[in-house]
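Overview (structure and organization)
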Amino acid sequence: MTIHTLTRGATAALLLAALPLQGLAQQAAPAAQAPAATTPAPAPAFTLEPLPYRYDALEPVIDARTMQIHHDRHHRFYVGNLNKAIDADPSLRGLSLEAMMARVSKLPEAVRNHGGGHWNHDFFWKSMVAPTQSKPPSAELAAAIDRDFGSMAKFKETFQATGLARFGSGWVWLIVGADGKLRITSTPNQDNPLMDVAAVRGTPLLGNDVWEHAYYLKYQNLRGDYLFRWWDVVDWSVVSQRYAAAAGAGR
Ligand code: MN3
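Conventions adopted
Chains are numbered independently. Their residues run from 1 in the order of the written sequence. In keeping with the predicted nature of the model, local features appear solely for residues at pLDDT of at least 70, side-chain atom pairs appear and are counted solely at 80 or more, and the whole-chain, interface and lining totals rest on all residues. Any two strands with at least two DSSP-identified bridges between them are counted as paired. A run of DSSP states H or I qualifies as a helix once it reaches four residues; a run of E qualifies as a strand once it reaches two. Both are numbered from the N-terminal end. Helix axes use the C-alpha atoms of the stretch in contact, all axes being lines fitted to C-alpha atoms, and the angles between their N-to-C directions lie in the range 0 to 180 degrees. A pair of residues counts as a contact when their C-beta atoms, built from backbone coordinates, are separated by no more than 7 Å. Exposure in this text rests on C-beta crowding, where 20 or more other C-beta atoms within 10 Å of a residue's own make it buried, 12 or fewer make it exposed, and counts in between make it partly exposed. The C-beta atoms are placed from the backbone. To be clear, the arc concerns the directions from the helix axis to the C-beta atoms. Buried Ala, Val, Leu, Ile, Met, Phe, Trp, Tyr and Cys residues whose C-beta atoms connect them within 7 Å together make up a nonpolar core.

1. Observations regarding the sheet that holds strand 1 (residues 170-176)
- Ordered in space as 2-1-3, the three strands form an open sheet in which the pairing is antiparallel. For this open sheet the edge positions go to strand 2 (182-188) and strand 3 (203-209), each flanked by a neighbour on one side alone. When the angles between neighbouring strand axes are averaged without regard to direction, this sheet yields 25°.
- As judged from the seven bridges shared by strand 1 and strand 2, these two strands associate in the antiparallel manner. In the strand pairing of strand 2, valine 176 is matched with leucine 182.
- Lying on the sheet, helix 4 (residues 109-125) is in contact with strand 1 and strand 3; it crosses strand 3 at an angle near 85°.

2. Examining helix 5 (residues 139-149)
- Turning to helix 5, its buried residues are Leu141, Ala144 and Ile145. The buried residues of helix 5 occupy an angular sector of 100° when the element is viewed end-on, so they sit on one face. Exposed side of helix 5, more than 90 degrees from the buried face: Ala139, Ala143 and Arg147 are the residues found there.
- Backbone geometry just downstream of helix 5 places glycine 150 in the positive-phi region, at approximately 100°.

3. Brief notes about the nonpolar core
- Among the nonpolar cores identified, the biggest contains 30 residues, and Leu58, Trp173, Leu174, Leu205, Trp230 and Val233 are the most heavily contacted of them.
- Secondary-structure elements contributing two or more residues to this core are helix 5, helix 6 (152-165), strand 1, strand 3 and helix 8 (223-229).
- Top element by residues in this core is strand 1. It accounts for six residues.
- Apart from residues no more than four positions distant in its own chain, leucine 205 is found in contact with Leu174, Ile175, Val176, Val239, Arg242 and Tyr243.

4. Some thoughts on the environment of proline 42
- Relative to the elements of secondary structure, proline 42 occurs in the loop between helix 1 (3-28) and helix 2 (64-88).
- In the structure, proline 42 is positioned 45 residues away from aspartate 87 in sequence and 8.4 Å away in space, judged by C-alpha atoms.

Right, here's the structure in full:
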């Protein structure tokens, strides 16, 4: 991927983002606009939330420029294209992302790619915190990691190796299965373990984005270094809450 293609993608994403604003302007000044027969576009089904922290909050692990491009261009692109897919198939409107993931094999491919992209990135941003604020996992989650992986060190080693082994673009996940067992899995592209197409399904507790756009500016081809450094920005308090919620739902 080159900077040139990133920039072109960003331009398209910014144009998409400007559409709702044009709609508002039309409503404010109807006399100057199109005939009354024109139906105003419905509100977008999904919106891009701001990052829950500053672009530079994850420095020095993830640089501000990467965060800005990743959120403002890549994530915005997925949201815009997901909304386009929903506009093209109104039966999808009102469905949660999770409901779409559960039967994504029967939906348009754009939902798999861009709905997955939206869910995955929203989950990813919320999984991280400034390195100074990173806390250890809960006692319950730490015990489950020891039980299912042997130790936290072995868990991290396997997670990194799984992320490194993903050929091309994708994600590496820590999930909890319906049986309560923790597993590490990897998905291609913007797939995730909630999807009915996933080889290994479960409730995601943590996921790392191993697309080159997630790390290339700072780490270039050294995905392994990115995976190793990333632990410093994992918000284990959020991961622990997800584990408690999944365990509670399973009882
Ligand atoms: Mn990404």
